[in-house]
Amino acid sequence: MEQTTRRMRRLGAGIALAALPLSAASQAWPVKPLRIVVPFAPGGSTDIVARALGARAAEGLGQAVVIENRAGAGGNIGAEVAARAAPDGYTLFMGHVGTLAINPALYRKLPYDPIRDFAPITLAIASPLLLVVHPSLPARGLKDVLALARSRPGQLAYSSAGSGSASHLGGALLESLGKVDILHVPYKGTGPATMGVVGGEVSMMFSGQGTSWPLINAGKLRAVAHTGNRPIPNAPKLSSMAETLPGYEVINWHGVLAPAGTSAEIIRRLHAEFVKALGSSEVRARLTEDGFQVVGNTPEEFARFIAAEKDKWAKVIAAARIPQE
Ligand code: MLT
């Protein structure tokens, strides 16, 4: 009898032990700071959104969330760093329309697979870009920009966050739908690219709203049009690109992902914390003021969204005959 009890106790302990690795691991996680890899320089939308959400999620996680800017190659360098990181819940990726949906069609060789290498957590924000020009450029509207571009083919220069970024596609679509030849000058993020317009290195850019509104309000840039398909809350009177170039649309979106293979338990917890961060009135107010539309959805919805966007951009890039990198 005693032997049976002992055996049962041992068996019970065995069952408890078998269950231990998962729950103990998740109970213990996180025991150290997390990092969010931002594949662009500071000052652009990716960095702004990652910092706002990371700071708030850190409170819920009880650990610091560090932002790591790994800029270059249209976001591909940072995306590869995040894709190859250990799937232990300590590395996250701030993905966006460029790295997850545009680059697969634009680059002949991509060092990561946007679907296979990542576990989506939540879509965070979406927002149209602004076509901003240096205030000295004699262009008040898109028609003026098109006329200027036609008067000096190949010379009117626009900056972008890198080849394949949303800001690059903004210019590439303007070229193909507007039938103009403009000069692309890639930088390592919207932050430095926008300063390129302010400093007069280039004439214009499709910049993120969070980056450009303070500069527009300070008179250092002029907004000419937005890239959405309905009036934008921060400037309801600003024309859309599509009013002059039907079919034109670029919505920049950003979301949080982890390397594929991160445990479902950790993904659930990260999802809860990031959605809570997105719902906080302070974060919402900050992001809305910057012109971002706050989203927040489930990992499954975000996965379906990425797949659909990837298909959409492959078609847009093929139809517009945007050359591959
Ligand atoms: C950035 O953070 O620099 C931008 O989101 C990049 C882009 O324009 O795609």
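Here the structure is a predicted model, which is why all the values come from computation and not from measurement.

A. Up close: the overall build of the protein. Regarding its fold elements, the protein presents twelve helices and eleven strands. Counting all 325 residues of the protein, 54% fall into the buried class. Surface accessibility of the protein: about 14,200 Å² in total, with carbon and sulfur atoms responsible for 56%. With 33 positive and 24 negative side-chain charges, the protein shows a separation of 2 Å between the mean positions of the two kinds.

B. Looking closely at the domain arrangement of the protein. According to the domain assignment, the protein contains domain 1 (2–127 + 251–319) and domain 2 (130–243). Relative to domain 2, the C-alpha centre of domain 1 lies at a distance of 30 Å. Taken together, the contact between domain 1 and domain 2 spans 29 residues of the former and 22 residues of the latter. Between domain 1 and domain 2, a total of about 1,500 Å² is buried, with carbon and sulfur atoms accounting for 61% of that surface. The largest per-residue losses of area from domain 1 upon contact with domain 2 belong to Phe40, Ile251 and Asp290, which jointly make up 20% of the total buried on that side. In this structure, the connection of domain 1 to domain 2 is made through zero salt bridges. Our enumeration of links across domain 1 and domain 2 arrives at six residue pairs in polar contact (both at pLDDT 80 or more). In terms of residue count, helix H4 (residues 97–106) provides more of the side of domain 1 that touches domain 2 than any other element does, five residues in total.

C. Expanded view of the packing of H4 against helix H6 (residues 166–178). Between H4 and H6, whose axes approach to 10 Å, the crossing angle comes to 50 degrees. Looking at the two axes, H4 sits oblique to H6. Taking contact as the criterion, the partners of Val97, Ile102 and Leu106 in H4 are, on H6, Ala166, His168 and Leu169. Residues of the contact of H4 with H6, tallied by class, amount to five nonpolar, one polar and no charged.

D. Region of the structure containing the sheet that holds strand E7 (residues 183–186). Pairing in this open sheet of five strands is mixed, and the strands run E7-E6-E8-E5-E9 from one edge to the other. Looking at the sheet topology across the chains shown, the edges are occupied by E7 and strand E9 (222–226). Averaged over all pairs of adjacent strands, the angle between their axes in this sheet comes to 30 degrees, without regard to strand direction. In this structure, strand E5 (residues 130–133) lies alongside strand E8 (residues 204–207), joined through four bridges in antiparallel fashion. Of the residues in E8, the one forming a bridge with Leu131 is Phe206. In the packing of helix H7 (residues 190–198) onto the sheet, the strands contacted are E5, strand E6 (157–160) and E8, and the crossing angle to E8 comes to about 150 degrees.

E. Structural context of the side chain of Ser167. Relative to the helices and strands, Ser167 resides in helix H6. Within the structure, Ser167 has its side chain in polar contact with the backbone nitrogen of Ala161 (distance 2.8 Å). Residues within four places of Ser167 in sequence aside, it is in contact with Leu129, Tyr158, Ser160, Ala161, Thr190, Met205 and Phe206.

Procedures and definitions
- Counting restarts for each chain: residues are numbered from 1 in the order of the written sequence.
- The model is predicted, so local features are restricted to residues of pLDDT at least 70 and side-chain atom pairs to those at 80 or more, both for listing and for counting; the totals for chains, interfaces and linings are taken over all residues.
- Excluded from the side-chain calculations are hydrogens and water; all other atoms, namely the structure's heavy atoms, are used.
- Strands are runs of DSSP state E lasting at least two residues, helices are runs of H or I lasting at least four, and both sets are numbered from the N terminus onward.
- The buried label applies to any residue whose accessible area, calculated with a 1.4 Å probe on protein chains only, is under 20% of its type's maximum; exposed applies above 50%, and partly exposed to all values in between.
- To be clear on the numbers: accessible area is Shrake-Rupley with a 1.4 Å probe, and residue cover counts the displayed protein chains and nothing else.
- When charges are counted, neither His nor the chain ends are considered; positive counts come from Lys and Arg and negative counts from Asp and Glu.
- In this description, the location of a charge corresponds to atom NZ of lysine, CZ of arginine, CG of aspartate or CD of glutamate.
- The domain boundaries here were taken from an automatic or database domain assignment.
- In this description, contact between two residues means that some pair of their heavy atoms is separated by no more than 4.5 Å.
- As a working definition, buried area equals the accessible area (1.4 Å probe) given up by two parts on being put together, with both sides summed.
- Salt bridges, as used here, are contacts in which a Lys or Arg side-chain nitrogen is within 4 Å of a carboxyl oxygen on Asp or Glu.
- By the criterion applied in these results, polar contacts are pairs of N or O atoms within 3.5 Å in which, for protein atoms, one can donate a hydrogen and the other can accept it, and in which residues neighboring in sequence qualify only through two side-chain atoms.
- Convention adopted: a line fitted to C-alpha atoms gives each axis, helices being fitted over their contacting stretch, and angles between N-to-C directions are expressed from 0 to 180 degrees.
- Angle categories: roughly parallel below 35 degrees, roughly antiparallel above 145, roughly perpendicular from 65 to 115, and oblique for all the rest.
- Gly is placed with the polar residues, together with every amino acid not listed as nonpolar (Ala, Val, Leu, Ile, Met, Phe, Trp, Tyr, Cys and Pro) or charged (Asp, Glu, Lys and Arg).
- A pair of strands counts as paired when DSSP detects no fewer than two bridges linking them.

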